[in-house]
Every structure is written in C-alpha cells, then in structure tokens.
Amino acid sequence: MTRAPAPASALRIGLQCGGSDGFSGITANPALGVACDILAAQGASVVLSETPEIHGAERLLLDRAADPALADRLLARLRWWEGYAAMNGASLDNNPSPGNKAGGLTTILEKSLGAVAKAGATPLNAVLDYAEPITAPGLNFMDTPGYDPVSATGQIAGGAQLIVFTTGRGSAFGSKPAPTLKLATNDALFAAMRDDMDLNCGDVLSGVSLDDKGRQIVDLILRTASGQVTRSEALGLGDHEFLPWQIGAVL
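Residues numbered from 1 in each chain as written. Predicted model: local features only at pLDDT ≥ 70, side-chain atom pairs only at ≥ 80, totals over all residues. Heavy atoms only, no water.

Turning our eyes to something else, we now look at the overall build of the protein. Across its full length, the protein carries 10 helices and 7 strands. For 251 residues, the compact-globule formula gives about 18 Å, and the C-alpha radius of gyration of the protein, at 17 Å, lands near that figure. Here the C-alpha coordinates of the protein stretch approximately 45 × 40 × 40 Å along the principal axes. For the protein, with 251 residues in total, the buried portion stands at 50%. At a minimum sequence separation of 6, the contacts of the protein that also span at least 24 residues come to 65%. One way to put it: in the protein the 18 positive side-chain charges average out to a point 3 Å from where the 26 negative ones average out. (Helix = DSSP H or I, 4+ residues; strand = E, 2+ residues; numbered from the N terminus. Rg over C-alpha atoms; globule rule 2.2 N^0.38 Å. Buried < 20%, exposed > 50% of the residue type's maximum accessible area, 1.4 Å probe, protein only. Contact = heavy atoms within 4.5 Å. Lys, Arg positive; Asp, Glu negative; His and termini not counted. Charge placed at Lys NZ, Arg CZ, Asp CG, Glu CD.)

Dropping the structure here:
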C-alpha cells in the first residue's frame, strides 16, 4: 500500500465517551464538539452514537435535523430502546453507573447533556443503523448500545477511520484497525495516565478556551490520520479481543 495525500473531507470520525465525570460536559466533550464543527465545515463525517446515553437530551439533536424524517427516525430508535429497557424491568432515565456517580454525575440527564456536547452545533445529516456505512458529510448519528467497545465497533464497521474517546475516570480503551485518541477531562487524570491519554482537556478549567482546545483536537486528529501513533496503539490496546464475560477473569 502506498501513502498518498487525502483531504480532510475523507475523514470519518467516531465519537465516544466513557468513564464520564463532572468535568466531561464542560471540558473535553464541548471541546470535541468545537473540533467536530471545524471538521464538518471541511466536509468530514463525525458520528455520535450510544443511543441510551442521549436520553433526555435528544431535543438538542432533533432540533438540528436537516430533514423531519431524520428526527422521526431518531425518535423511533429512542422509543425502541425505551421498550427494550422496559421489557427487562429497567428504565432509560435511571441514574448513571457507580463510576459516573463517583466522578460527580448524579443523573442520566447530566450525562446525556455532556454526551451530546461532543456533537458540536452543526445540522444532523444522517441517522444510521448499527454498522451502517457512513456516507453523509457532517454530523451523523449511529444507533448503538451505550457499551463503549460495542458502540465503537459499530462505528468502525461503518467506516470510521478514527475514534475520539473522552474520559474523566480513566477508561483504558483502544481499537484497531481504526485507532483511538483519548482525551482526558481533567488535569489529575492526565497526570496519572500519561501513557494512555493523548491530550489533556483539563486546562479548559484554568483558562484555555474551548475554541483553542478544539483546534488542538483537530490538529491531533489530522496528525493521527497522517500516521502519528496514538497512546493506545503504543500500548497494544486493541490487539486482543475478549468476550464480556471473560474480561473479569483476565483482569
């Protein structure tokens, strides 16, 4: 295979957040949203996912649908997840996970508002089924579970060449063949996991503007797409696959 120049419009970027904390919605996630707006303006595709984790904040996407049919399609997927949860005696409006609570999130709405911030402010141009090919420029939404490895797999199967993953609690995640960039939401996490985090967004709290941080993220995305190795690649994350029930035994 021979390397050749490619425009930014050829990029398809999967957006993920996991191990969220109280800073996710004010540092890394909105900064990533700024980056997505910059990339969308150049014709790239950015893909928000994790349908159960936009519950309560879906209006922020519905109001931006480029076509009413897209809003209807997104609502239909949310209704499906509500029914699926009800069949199993659960509800989508439950509190987030214990880790999220420990990080400062108290309700699923807080988590959902932060998760949607990753998508920036451009129109919603496509609502995709799981692993459906990503063809529309700008903001796409792919229907996936909230479980990060399964969600990212769907994005990669749909054509994402890169995953950008924000975390405040330190989710150790990597993916191949499409690598994962990890964005830390706070200074303490970045200092503790320097070998796993590609960029610190905690300095937004100490004065770095979201616009400047967004441009830093775009630069990092372009350098990674051009061959720069991510931290997770250097650690070998993504080399081995385990079934969910095997992970506990491995750890």
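This brings us to the packing of helix α1 (residues 28-41) against helix α8 (residues 210-225). In a packed pair of helices, the relevant descriptors are the angle between the two axes and the axis-to-axis distance. Taken N-terminus to C-terminus, the directions of α1 and α8 make an angle of 60°; their axes are 7 Å apart at the nearest point. Considering how the two elements wind past one another, α1 and α8 form a crossing that is right-handed. Facing α1, whose interface residues are Pro 30, Ala 31, Leu 32, Val 34, Ala 35, Ile 38 and Leu 39, α8 presents Leu 210, Asp 211, Lys 213, Gly 214, Arg 215, Ile 217, Val 218 and Ile 221. The class makeup of the residues in the contact of α1 with α8 is 11 nonpolar, 1 polar and 3 charged. (Axes fitted to C-alpha atoms, helices over the stretch in contact; angles between N-to-C directions. Left-handed = near helix turned anticlockwise from the far one by under 90°. Nonpolar A, V, L, I, M, F, W, Y, C, P; charged D, E, K, R; others polar.)

So, about the pattern of salt bridges. Counted by the stated rule, this structure contains 10 salt bridges. When the shortest N-O distance is used, the salt bridge between Glu 53 and Lys 111 registers 3.7 Å. Of this pair, Glu 53 sits in the loop between β2 (45-48) and α2 (59-62) while Lys 111 sits in helix α5 (residues 108-117), placing them 58 residues apart in sequence. For the residue pair Glu 53 and Lys 111, the accessibility class agrees, reading buried in each case. Here Arg 77 makes a salt bridge to Asp 143, at a shortest N to O gap of 2.7 Å. (Salt bridge = Lys/Arg side-chain N within 4 Å of Asp/Glu carboxyl O.)

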